[in-house]
Amino acid sequence: MTEPRLTQFRNGPHTFDVIDTGPLDGTPVVLLHGFPQRASAWNAVAEHLHARGLRTYAPDQRGYSPGARPKSRFAYGMAALTSDVLALIDAIGPGPVHLVGHDWGAAVAWSVAGNHPDRVTTLTAASVPHPGAFIRSMFTSGQALKSYYMALFQLPVLPEWMLASGRADSMLRGGGMTREMVARFHTEIVDHGALRGGLGYYRSIFRANPGQLGTKITVPTTYVWSDHDVALGRKGAEINHRWVSGPYELDIVEGATHWLLDERPADLANSIIKRIGI
């Protein structure tokens, strides 16, 4: 009997959609997307992983899946986001899994690996460094200026209006998105009803547990950073190793912007494959 694909999983009252692709008997790899993208952003990367015998699970995370869109900003704290990933790992069973994240997905992946290392075989984080490195870089470099949009996103209503109306398209283009990517954002995020949920991640950021900022990662880890990323500076990449006590590698993708999944899927896939060790 053919093993069924995982299309959905539950965590409490919430139902999440999953893109489960690759060989049915492949080693499981969980792919966590960031803002403002959905699980489909991983498609090109996943193809490279499938060619190496890996099975990928890319969920539409909290705020993005239609069945998991709580209205309160307090529902998007890191503890809740982490519990969602643990529920997915339980649904895949029996674990552990190789964990990969980009942007906000990387932030969640750092939390899962740091607080539940028994559920994670390896970690590959793209663009966003460990939260401890990110906060330290805010005070020791120009990272605070690069992160101005985080303050903007705290405002009610205005960010939704700017992003949905197209008045922020130039900001997205300035960050490296192509016209096609911006159009996909309007289709897959705005039209899909996921914009408010995606902004909920930013609106819960100041409720993070300060104690987690220093949690060191013990699992084998690779951090992938692109040197033309306008949102994440070099300082965070340079000091990130301080928050990893296990085997660690920094991969710098030269000439790429923040959007590695779209621009350099083969390079990102190679970093993942190298970290997994196949």
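Here's a quick rundown of the structure. The shown structure was predicted, so the numbers you read here are calculated from the model rather than taken from an experiment.

Parameters and conventions
- Residues numbered from 1 in each chain as written.
- Predicted model: local features only at pLDDT ≥ 70, side-chain atom pairs only at ≥ 80, totals over all residues.
- Heavy atoms only, no water.
- Helix = DSSP H or I, 4+ residues; strand = E, 2+ residues; numbered from the N terminus.
- Rg over C-alpha atoms; globule rule 2.2 N^0.38 Å.
- Contact = heavy atoms within 4.5 Å.
- Areas by Shrake-Rupley, 256 points an atom, 1.4 Å probe, with all protein chains shown as cover.
- Lys, Arg positive; Asp, Glu negative; His and termini not counted.
- Charge placed at Lys NZ, Arg CZ, Asp CG, Glu CD.
- Buried < 20%, exposed > 50% of the residue type's maximum accessible area, 1.4 Å probe, protein only.
- Arc of directions from axis to C-beta.
- Axes fitted to C-alpha atoms, helices over the stretch in contact; angles between N-to-C directions.
- Parallel < 35°, antiparallel > 145°, perpendicular 65-115°, else oblique.
- Left-handed = near helix turned anticlockwise from the far one by under 90°.
- Pairing = 2+ DSSP bridges.
- Phe/Tyr/Trp six-rings, centres within 6.5 Å; stacked < 30°, edge-to-face > 60°.

1. Quick notes on the overall build of the chain
Of the regular secondary structure elements, the chain holds 13 helices and eight strands. Relative to a compact globule of 278 residues, whose C-alpha radius of gyration would be 19 Å, the chain shows 17 Å and is just as compact. Expressed as lengths along the three principal axes of its C-alpha atoms, the size of the chain is roughly 50 × 40 × 35 Å. Excluding contacts between residues fewer than 6 apart, the proportion of contacts in the chain whose partners are at least 24 apart in sequence is 76%. Carbon and sulfur atoms provide 56% of the accessible area of the chain, an area that totals close to 11,700 Å². Placing the 26 positive and 24 negative side-chain charges of the chain at their respective mean positions leaves the two points 7 Å apart.

2. Comments concerning helix H1 (residues 43–51)
Among the residues making up H1, those that are buried are Val45, Ala46, Leu49 and His50. Across the axial projection of H1, the buried residues extend over an arc of 140°, all falling on one side. Residues of H1 that are exposed and point more than 90 degrees away from the buried face comprise Glu47 and Ala51. Buried residues along H1 sit in contact with strand S2 (14–21), strand S3 (27–32), strand S4 (54–59), helix H12 (260–263) and helix H13 (265–276). In the segment just after H1, Gly53 is the residue with positive phi, at about 85°.

3. Let's talk about the packing of helix H7 (residues 158–165) against helix H10 (residues 195–203)
Where H7 meets H10, the closest approach of the two axes is 11 Å, and the angle between their N-to-C directions is 135°. Considering the angle they form, H7 stands oblique to H10. The interaxial crossing formed by H7 with H10 has right-handed handedness. Contacts between H7 and H10 pair Pro159, Glu160, Leu163 and Ala164 from the former with Leu195, Arg196, Leu199 and Arg203 from the latter.

4. Points about the pairing of strand S5 (residues 97–102)
With respect to burial, S5 is a largely interior element, six of its six residues being buried. With burial as the criterion, each face of S5 is covered, one bearing Val97, Leu99 and Gly101 and the other bearing His98, Val100 and His102. Alignment of S3 against S5, held across four bridges, turns out to be parallel. Bridge pairing links Leu31 to Val100 in S5.

5. Comments concerning unusual backbone geometry
Gly93 connects to Pro94 through a cis peptide bond whose omega is -10°. Its place among the elements puts Pro94 in the loop between helix H2 (78–92) and S5. The residue after Gly95, namely Pro96, is reached through a cis peptide bond having omega -5°. Within the element layout of this structure, Pro96 appears in the loop between H2 and S5. The phi angle at Asp103 is positive, at roughly 60°, despite the residue not being glycine.

6. Side note on the packing of aromatic side chains
Think of a pair of aromatic rings as described by two things: how far the centres are apart, and how the planes are tilted against each other in angle. Enumeration according to the criterion identifies eleven aromatic pairs in this entry. Both rings, one in Phe35 and one in Phe153, keep their centres 5.9 Å apart while their planes meet at 70°; by these two values the pair is edge-to-face. Taken together, the residues Phe35 in the loop between S3 and H1 and Phe153 in the loop between helix H6 (148–152) and H7 connect sequence positions 118 residues apart. By relative accessible area, Phe153 is classed as buried at 3%. Taking the centre distance of 6.0 Å and the plane angle of 90° together, the rings of Tyr148 and Tyr149 count as edge-to-face. On the basis of relative accessibility, which here comes to 15%, the residue Tyr149 falls in the buried class. Ring-pair connections join several aromatic residues into one group, and the members of that group are Phe35, Tyr64, Tyr76, Trp104, Tyr148, Tyr149, Phe153, Tyr201 and Tyr202.

Remember that the coordinates give geometry; whether it matters functionally is a separate question.
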